[in-house]
Amino acid sequence: MSDNHIDEHLDGAGFETRAIHAGYAPDPTTGAVIPPIYATSTYAQDGVGGLRNGYEYSRSANPTRTALESTLAALEGGAHGYAFASGLAAEDTLIRALCKPRDHVVLPNDAYGGTFRLFDKVATVWGVEHSPAPVTDVDAVRAAIKPGVTRMVWVETPTNPLLSIGDIEALAAVAHDAGALLVVDNTFASSYLQQPLALGADVVVHSTTKYAGGHSDVVGGALVVDDDALAERIGFHQNSIGGVAGPFDSWLVLRGLKTLALRMERHSDNAEKVADFLGTHPAVSQVIYPGLADHPGHAVASRQMKRYGGMVSFRVKGGEEQALAICAATKVFTLGESLGGVESLIEHPGRMTHASVAGTDLEVPADLVRLSVGIETSEDQLADLDRALASTT
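Conventions used here
Residues numbered from 1 in each chain as written. Predicted model: local features only at pLDDT ≥ 70, side-chain atom pairs only at ≥ 80, totals over all residues. Heavy atoms only, no water. Helix = DSSP H or I, 4+ residues; strand = E, 2+ residues; numbered from the N terminus. Rg over C-alpha atoms; globule rule 2.2 N^0.38 Å. Buried < 20%, exposed > 50% of the residue type's maximum accessible area, 1.4 Å probe, protein only. Areas by Shrake-Rupley, 256 points an atom, 1.4 Å probe, with all protein chains shown as cover. Lys, Arg positive; Asp, Glu negative; His and termini not counted. Charge placed at Lys NZ, Arg CZ, Asp CG, Glu CD. Contact = heavy atoms within 4.5 Å. 1 Å grid on protein atoms, 1.4 Å probe; cavity = no way out; pocket = protein on both sides within 12 Å on 5 of 7 lines; lining within 4 Å. Points joined across faces, edges and corners; volume = space filled by probe spheres on them. Phe/Tyr/Trp six-rings, centres within 6.5 Å; stacked < 30°, edge-to-face > 60°. Salt bridge = Lys/Arg side-chain N within 4 Å of Asp/Glu carboxyl O. Expected span 1.5 Å × (residues − 1). Arc of directions from axis to C-beta. Pairing = 2+ DSSP bridges. Axes fitted to C-alpha atoms, helices over the stretch in contact; angles between N-to-C directions. Parallel < 35°, antiparallel > 145°, perpendicular 65-115°, else oblique. Left-handed = near helix turned anticlockwise from the far one by under 90°. Nonpolar A, V, L, I, M, F, W, Y, C, P; charged D, E, K, R; others polar.

Draft legend 1. Inspection of the overall build of the protein at higher detail. Scanning the protein from terminus to terminus reveals 13 helices and 13 strands. In terms of overall size, the protein behaves like a compact globule, its C-alpha atoms giving a radius of gyration of 21 Å where 393 residues would be expected to give roughly 21 Å. Over its C-alpha atoms, taken along the principal directions, the protein stretches across nearly 75 × 50 × 35 Å. Counting the 393 residues in the protein, one finds 55% classified as buried. Here the protein has roughly 15600 Å² of accessible surface; of this, 53% comes from carbon and sulfur atoms. Charged side chains in the protein number 28 positive and 48 negative. The centres of these two groups are separated by 3 Å.

Draft legend 2. Quick peek at the environment of phenylalanine 116. Following the sequence through the fold, phenylalanine 116 ends up in helix α4 (residues 113–122). For phenylalanine 116, a relative accessible area of 6% gives the class buried. For phenylalanine 116, the contacting residues outside a window of four places in its chain are His130, Ser356, Val357, Thr360 and Leu362.

Draft legend 3. Quick look at empty space enclosed by the protein. Taken as a whole and assessed by the stated rule, the structure comprises two cavities of 30 Å³ or more. One number sums up the size of the largest cavity: a volume of about 80 Å³. Of all the secondary-structure elements, those providing two or more residues to the lining of the largest cavity are α2 (63–76) and α7 (190–193). Counting residues per element, the lining of the largest cavity draws most heavily on α2, which supplies three residues.

Draft legend 4. Highlighting the packing of aromatic side chains. Evaluated as defined, the whole model comprises five aromatic pairs. Taken together, a centroid distance of 5.5 Å and an interplanar angle of 35 degrees make the contact between tyrosine 43 and tyrosine 55 tilted. Of this pair, tyrosine 43 sits in the loop between α1 (15–21) and α2 while tyrosine 55 sits in the loop between α1 and α2, and the two are 12 residues apart along the sequence. The burial state of tyrosine 43 is the same as that of tyrosine 55; both residues are buried. Taking 6.4 Å as the distance between ring centres and 70 degrees as the angle between the ring planes, the aromatic pair formed by tyrosine 289 and tyrosine 308 counts as edge-to-face.

Draft legend 5. The pattern of salt bridges, seen in detail. For the structure on display, the rule yields 15 salt bridges. The residue arginine 65 makes a salt bridge to glutamate 69 at a minimum N-O spacing of 3.3 Å. Of this pair, arginine 65 and glutamate 69 both sit in helix α2, four residues apart, which is roughly one turn of that helix. Accessibility classification places arginine 65 together with glutamate 69 in one group, the buried group. For aspartate 384, the salt bridge identified is with arginine 387, shortest N-O distance 3.6 Å. Taken as a pair, aspartate 384 and arginine 387 lie in helix α13 (residues 378–391) at a separation of three residues, close to a single helical turn. Among the residues examined, aspartate 384 registers a relative accessible area of 1% and is labelled buried. In the salt-bridge network here, residues are joined through shared partners; they are Glu265, Asp269, Glu272 and Arg307.

Draft legend 6. α13, seen in detail. Relative to the 20 Å expected for 14 residues at 1.5 Å per residue, α13 spans 20 Å between its end C-alpha atoms, a close match to the ideal helical length. Every buried residue belonging to α13 is among Ser378, Gln381, Asp384, Leu385, Ala388 and Leu389, and all of these are buried. Around the axis of α13, the buried residues are gathered within 125 degrees of arc, so they sit on the same side. Exposed residues pointing more than 90 degrees away from the buried face of α13 are listed as Glu379 and Ser391. In this structure, the buried side of α13 is in contact with α10 (260–279), β9 (284–288), β10 (311–316), α12 (319–329) and β13 (368–372).

Draft legend 7. Region of interest: the pairing of strand β7 (residues 203–206). The alternating pattern of β7 places Val203 and Val205 and Val204 and His206 on opposite faces, both of which are buried. Two elements, strand β6 (residues 181–185) and β7, share three bridges in a ladder whose sense is parallel. Among the inter-strand pairings, aspartate 185 is bridged to a residue of β7, identified as valine 205. Pairing geometry for β7 and strand β8 (residues 221–225), over four bridges, is antiparallel. When the bridges of β8 are listed, valine 205 appears paired with leucine 223.

Draft legend 8. Layout of the packing of helix α3 (residues 87–98) against helix α8 (residues 228–241). Here α3 crosses α8 at 120 degrees, and the two axes come no closer than 9 Å. Put simply, α3 runs oblique to α8. Between α3 and α8 the crossing geometry is right-handed. Listed contacts from α8 to Thr93, Leu94, Arg96, Ala97 and Leu98 of α3 are Leu230, Arg233, Ile234, His237, Gln238 and Ile241.

Draft legend 9. Seen up close, the packing of α3 against α4. Packing of α3 against α4 brings their axes to within 10 Å, and their N-to-C directions diverge by 40 degrees. If you check the angle between α3 and α4, you find them oblique. When the axes of α3 and α4 are compared, the crossing they make is right-handed. Contacts between α3 and α4 involve Leu88, Glu91, Asp92, Ile95 and Arg96 from the first element and Gly114, Thr115, Arg117, Leu118, Phe119 and Val122 from the second. The class makeup of the residues in the contact of α3 with α4 is five nonpolar, two polar and four charged.

The analysis is restricted to geometry; functional conclusions fall outside its scope.
Next up, the structure:
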């Protein structure tokens, strides 16, 4: 387990400063300004049962992972951070730490397919129930809560892939009134654009594979909390279950976080231009982007996000066949799953990332295309989309 011990000179420091300096001080022996990759499984101890500076075995703690966990906590404004082998490993650990058989969880009705699969095919088997509700409708979330049974209200905002926006502050009030915890998956927004703990959330979830890592070269996940009792339970289960981030993966995510603010600004710049372009294209029936004034969640996003992020979804007039053709026709936008890397990606959620929700209440439209807008030259991105749209109409 890692506490967010920020040096006094970082107290009140800006996000960019904390991203670079929190979690690690230059090595006292060598002066190295970047944390080493501690590729070790075990540690020499100072006598039987005596830990060496808190380390005994790298499943329990590793100095590289400690640096990452402290930085993650500092960037989310929390006291405790935990790094995992994947986003789903983080989610699974959280469920097992906080839920017991016959507990209930409210999920977004357009949740990420992997999260839905985890609840529907794994957690359900050992007795945890779930119900879908739109994160955009506070009354619907309240109605989905089962008094005395609901343990967590689970929110993505923006959601994946329909980019719905939930009012974190309002949803926190609803969850807390029912004695439940509010969990916010902050992957799409990133800790730079949105701070759920400050808005009342109890737990923040990240797939650090995405914007935190930012270079499509690592798989990881994270949980951040501020409450000490929650931290104790999560830390115990992290160690007991063992789905932890390895030292090299931790190092890669830590490196990515140092440029997160710069990248998110560029992702947002480019995504805004892509959304504007798609909004005027005759082959496109709908553009879904929180930064557009006609997005239903625009006002809430403007209030709780610094900017609107790098994810854009759109629907095409030609239906599924055209959507698939567009995904196959782009060159700058690489056809692939995942998101949040420096490169632009395009995918068909219904056939790819959200195939697991086909035939359920969470099924996504067949004519939907999802873009992860990278940091390339924006003119090249627009030209690529223009060519792909023209070739499929």
